[in-house]
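# Fold and contact review
This is what each chain is made of:
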Amino acid sequence: MDHTCVIGLAWGDEGKGKVIDLLCPHYQQVVRYNGGANAGHTVCVGEQRFGLHLMPTGILHSGATAVIGPGVALDPVVLVDEINGLRARGIHVGDNLKISDRAHVVTAYHKIEDRLSEALAAEGGRIGTTARGIGPCYADKMRRHNAIRVCDLMDSEHLSETLETVVPQRRKLFAACYGDDGGLDLDQVRDELLTAANHLRPYVCDTGVHLRERIAAGDIVLFEGANGVMLDVDHGTYPFVTSSSTGPHGIGGGAGVPGAMVRQVIGVAKAYATRVGGGPFVSELTDATGDRIREKGREYGTTTGRPRRCGWLDGVALRYAAELVGATELGLLHLDTLSGFKRVGICTAYQVDGKTWNTVPADARLLERAAPVFEYHKGWSDDVRGLQSFEALPPEAKTYLARIESLIGCPVTVIGTGPSRDECICRGRRAGPATTAKLTGETDV
Ligand code: IMP
């Protein structure tokens, strides 16, 4: 078993949570290294459905330690809520959770700024953020003046001094830039952060040291990429992206271990494409077929509840993303959603201003003008829901998968055939035993 990264190859919501959950039992450390509460992993364990935002999926497995690395934009209020919610459902949260003292903290004023700046942006120029304060928090991190990290959160006096400077400044800044000071209240911001800090204190440590020690002792690590490669701040459809390095290239900085140790990169995508928020989406279907995919696939955001834009699989973006991250294998989820469609499409090129593109251009305006070149395959009428064997798939579905493999250049090893954990085909890889989530009687933090 190798150190592994699981990463979405599209615009998020690919179903990484399910693949990570299948793999978790083989790994001792499960690490989040980027993004924050903008992410949403849904994991179905039996009848129970867990929606995790900041918490690594490893928390559901008793053999694993869940690690939140320094590259995460950590909203302490959301994390405390998540811990409470898990405990209320009998999931053990204790020394199996480690939070980096170097992670940057998302505060109320980051969330206010996210909302105000989106409201001010012109129609069409809106990123359509999740309003979780991600961009403003990472902007503070790069700006450095008065940014707040988890280690600052642990020092109440220092935290109060910083807030006494920052909060009045932000109020003035917001009023000047957006005509609205956001209703920021110093005492409220301070109390909220200090209360959360007290809850989180037992889990805070130098997670880089922890991971390097555990790796030296033989632990195998699973890195849980959040968001998706097409939302990567450097390589995605900029500026309609998130503010972090979403691929395995984010691991060195975001987890504090050498990224080169990761040998296995599992890229996850759906059998079709979805996107939430603004930005170009060449293979989007704005017709009844797109609506049908949305309803069949229950394509509504885990974090925001927004309806997702749906389209045929974008082979151009998928190959670009797979090559960029060096994907060694592909997880293709939601194959069951496509059952019953007369034909299924794959976008194999973009046409822009008379030119054919086989890769993703840098310029989002150019991408907005791009027309998809679709190739169609015969659909399958048999319901593939719940199938666990590749051989049992209809021949048309096998042909569709083989075409994707040849287009992307890596094998499809995990195929999703339904939402729950066991509705899945694992080719040449062993799924871990059903969840080992430790049930305890704890009810709150
Ligand atoms: P932000 O990360 O909240 O700043 O949002 C930036 C863009 O990324 C928006 O279009 C969001 O909808 C999108 N986004 C961020 N995280 C996710 C995710 O986990 N799934 C899907 N879209 C996401």
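Residues numbered from 1 in each chain as written. Predicted model: local features only at pLDDT ≥ 70, side-chain atom pairs only at ≥ 80, totals over all residues. Heavy atoms only, no water.

### Quick word on the domain arrangement of the protein
How big an interface is tends to be stated in terms of the accessible area lost upon association of its parts. One can read the domain layout of the protein as domain 1 (4-99 + 206-426) and domain 2 (104-203). Between domain 1 and domain 2, the C-alpha centre-to-centre distance is 28 Å. Counting from both sides, the interface comprises 33 residues of domain 1 and, opposite them, 25 residues of domain 2. Taken over both partners, the interface formed by domain 1 and domain 2 buries close to 2200 Å², and the fraction arising from carbon and sulfur atoms is 62%. It is Ala73, Pro76 and Ile99 that lose the most area in domain 1 upon contact with domain 2, and together they represent 21% of the buried surface on that side. There are one salt bridge connecting domain 1 and domain 2. In this structure, the salt-bridge partner of Lys111 is Asp75, at a minimum N-O distance of 2.6 Å. At the junction of domain 1 and domain 2, the tally comes to nine residue pairs in polar contact (both at pLDDT 80 or more). At the level of elements, strand E6 (73-74), helix H2 (76-88) and strand E7 (97-100) are the ones that each hand at least two residues to the side of domain 1 that touches domain 2. The element that contributes the greatest number of residues to the side of domain 1 that touches domain 2 is H2, accounting for six residues. Its residues placed into classes, the side of domain 1 that touches domain 2 shows 16 nonpolar, 13 polar and four charged. (Domains from an automatic or database assignment. Contact = heavy atoms within 4.5 Å. Buried area = accessible area lost by both parts, 1.4 Å probe. Salt bridge = Lys/Arg side-chain N within 4 Å of Asp/Glu carboxyl O. Polar contact = N/O pair within 3.5 Å; in protein donor to acceptor, adjacent residues only side chain to side chain. Helix = DSSP H or I, 4+ residues; strand = E, 2+ residues; numbered from the N terminus. Nonpolar A, V, L, I, M, F, W, Y, C, P; charged D, E, K, R; others polar.)

### Remarks on the pattern of salt bridges
Taken as a whole and judged by the stated rule, the model has 21 salt bridges. The closest approach of N and O atoms between Asp21 and Arg421, which form a salt bridge, is 2.9 Å. Placement of the pair is Asp21 in helix H1 (residues 16-23) and Arg421 in the loop between strand E19 (412-416) and strand E20 (424-426), with a sequence separation of 400 residues. Each of the two residues, Asp21 as well as Arg421, counts as buried. Linking Glu396 and Lys378 is a salt bridge whose minimum nitrogen-to-oxygen distance equals 3.7 Å. Within this pair, whereas Glu396 is found in helix H13 (residues 395-408), its partner Lys378 is found in strand E18 (residues 371-378), the two being separated by 18 residues in sequence. Judged by its relative accessible area of 24%, Glu396 falls in the partly exposed class. (Buried < 20%, exposed > 50% of the residue type's maximum accessible area, 1.4 Å probe, protein only.)

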